[in-house]
Amino acid sequence: MAAMSLRTQIVQALGKRVTLRLHEGDGTFRDIVGVLQSETTLIDRRGKTIHFNPDEVAVFRIIPVFNRRDVSHGQLSIYDTMTRKLQAIQGQDGVVTMYCCGPTVYRDAHVGNLRTFLLADLLSRTLQMVGLEVRLVQNITDVGHMAEDFSDVDKILAESEKTKVDPFEIARSYESKFHQDLALLNIKAADSYPRASEKMNQMISAIEQLIATDHAYVGTDGSVYFDATSFPSYGALSGNRLDALKPGHRYEYSDDGGKKFHADWALWKLAGTRTQMIWDSPWGAGYPGWHIECSAMSIELLDSHVDLHVGGIDLRFPHHENERAQSNSITGNETVTTWVHGEHLLFEGRKMSKSAENVVLLHDVVERGLDPLALRFTLLENRYRSQMDLSWASIEAAHVTLKRWRQLLAECGTDLECKFDSEISSAFTSDLDTPRAMQRLRAIEKDPTIGALDKRGFFLFADQVLGLDLNRLPESRELPSECKELLLRRQKARSEKNWAESDALRKELDDLGIEISDGVDGQSWQWK
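Residues numbered from 1 in each chain as written. Predicted model: local features only at pLDDT ≥ 70, side-chain atom pairs only at ≥ 80, totals over all residues. Heavy atoms only, no water.

K.L.:
Can you help me understand the overall build of the chain in this one?
P.N.:
Helix and strand counts for the chain come out as 15 helices and 20 strands. Taking 24 Å as the expected radius of gyration for a compact globule of 528 residues, we find that the chain reaches 26 Å, a close match to that expectation. Overall, the chain is about 85 × 50 × 45 Å in size when its C-alpha atoms are taken along their principal axes. When burial is assessed residue by residue, the chain has 52% of its 528 residues classed as buried. Expressed as a percentage of contacts within the chain between residues at least 6 apart in sequence, the contacts between residues at least 24 apart total 71%. Accessible surface for the chain amounts to roughly 24,100 Å². Of this, 48% is attributable to carbon and sulfur atoms. Of the side chains in the chain, 62 bear a positive and 78 a negative charge, and the two mean positions are spaced by 4 Å. (Helix = DSSP H or I, 4+ residues; strand = E, 2+ residues; numbered from the N terminus. Rg over C-alpha atoms; globule rule 2.2 N^0.38 Å. Buried < 20%, exposed > 50% of the residue type's maximum accessible area, 1.4 Å probe, protein only. Contact = heavy atoms within 4.5 Å. Areas by Shrake-Rupley, 256 points an atom, 1.4 Å probe, with all protein chains shown as cover. Lys, Arg positive; Asp, Glu negative; His and termini not counted. Charge placed at Lys NZ, Arg CZ, Asp CG, Glu CD.)

Shown next as structure tokens:
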């Protein structure tokens, strides 16, 4: 988008509520939302004036106006992993606090990871739709430990050894790519992205508190461990019984003899021969455990209480089970009200893995010439709690439908007012039933009794949560003379019922990026 064009749009939006995504100096993005006061300032929801540089704007959108009184009765109910039933999300004083486990930045986030981050975005958008504010924190794991919890070969350090690049440089590079992927998927930025490497003091303080209250101890190897037996309700989240866990269960087993009990887990590990990604502590130089970072960050940044804790189903045990034990032992209360987990994502029938050579990145979607929001569209057609089998065919089909919907809205005018639809609202607030909301839009699209302006309003209302950028104008490109000639030849072939020639010309046009549709009014085309 040209700078003059962008400035013109900003000037025309003065006095309206907008969202701006700004480029940060480190390659990341920052979202700001509020009412535009001038070309360089807006007032946020707390009445604070925020200054911005128009040259740093990556994405600019006017937020559609709708009557919040229409949906004030709505309330999001979501499945709670802890209680195994739907829970109404209320928050406190109109604000809901949310914590989402973020990426470990030693590689690109694949589309399965992105599904989890989309879940947090859908929750946030739905809560905002019903009139609540959201404070979202998403951590960045950039320290030297992985899901395998202190395996001999750490993945960030292994990548550093292989590439001869500083481990923190690797982490920053992948962190930047993570934010770029979020922007491409139209996932709203969190209020905070704390890095584990910058929260050592908070983690050390939390560990000291756990030792002082007899929930943790210094092992015979000098490392610090959480005493699993000190937390009576351990297992309530995952269903695992402490007395049934056997030595060697995934993540926590260590044969160094430092633990009192095999199910205890490390809060601080001594460095030993390790020389990178280590920090000083009261127990000696070392590095923190995987689980303690989320406890320390959520307690500090969300005032010791999390209304919604979000993550993939693979984090339920042991990460979230252990995090719950730590956090509750520190705060003395049930720190998290509701735990929400998204299910696994398969790709063309198989779990994504390097060995299967089927790991799909958002970059791969873009490389195929597909709109990255076609991936978002496809993910929305499946319930977050259902295991999903993604395929290139489904993404390509979503790409086509997305273009058609944008064309529909463009043909229905330019009005930005949303039109409330009870079925769409109910779908979102009833455990994020996005497939039902998408089905409703398909029905609205085909319904001849619904006027163009109303159709546009319904789609804009749904897009507050769907986030598909449906109001984006369809791509406009001049049709080359070669393509015009092919279209005329195909039209002539169809009029002569020369179907073989017609099909051959369709294929030729398809190779040139032109998609043909045949209807009662003849052939029509659009850019793929």
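K.L.:
Looking at this structure, how should I read unusual backbone geometry?
P.N.:
Of note, the amide linkage connecting F317 to P318 takes the cis form, showing an omega dihedral of 5°. With respect to the helices, strands and loops of the structure, P318 is situated in helix α7 (residues 316-331). With phi around 60°, K497 is a residue other than glycine that occupies positive phi space. By the element assignment, K497 lies in the loop between α14 (481-495) and α15 (499-511).

K.L.:
Explain empty space enclosed by the protein here, please?
P.N.:
Empty space left among the atoms is revealed by rolling a probe the size of a water molecule over them. This structure, assessed with the given rule, holds three cavities of 30 Å³ or more. By volume, the largest cavity amounts to about 110 Å³. In terms of lining residues, the largest cavity is bounded by 14 residues, among which R115, L119, L122, N382 and Y384 are the most central. Only α2 (111-129) and α9 (372-380) provide two or more residues apiece to the lining of the largest cavity. Tallied by class, residues from the lining of the largest cavity come to seven nonpolar, four polar and three charged. Two domains share the lining of the largest cavity, each providing at least three of its residues, namely domain 2 (92-341) and domain 3 (345-464). (1 Å grid on protein atoms, 1.4 Å probe; cavity = no way out; pocket = protein on both sides within 12 Å on 5 of 7 lines; lining within 4 Å. Points joined across faces, edges and corners; volume = space filled by probe spheres on them. Nonpolar A, V, L, I, M, F, W, Y, C, P; charged D, E, K, R; others polar. Domains from an automatic or database assignment.)

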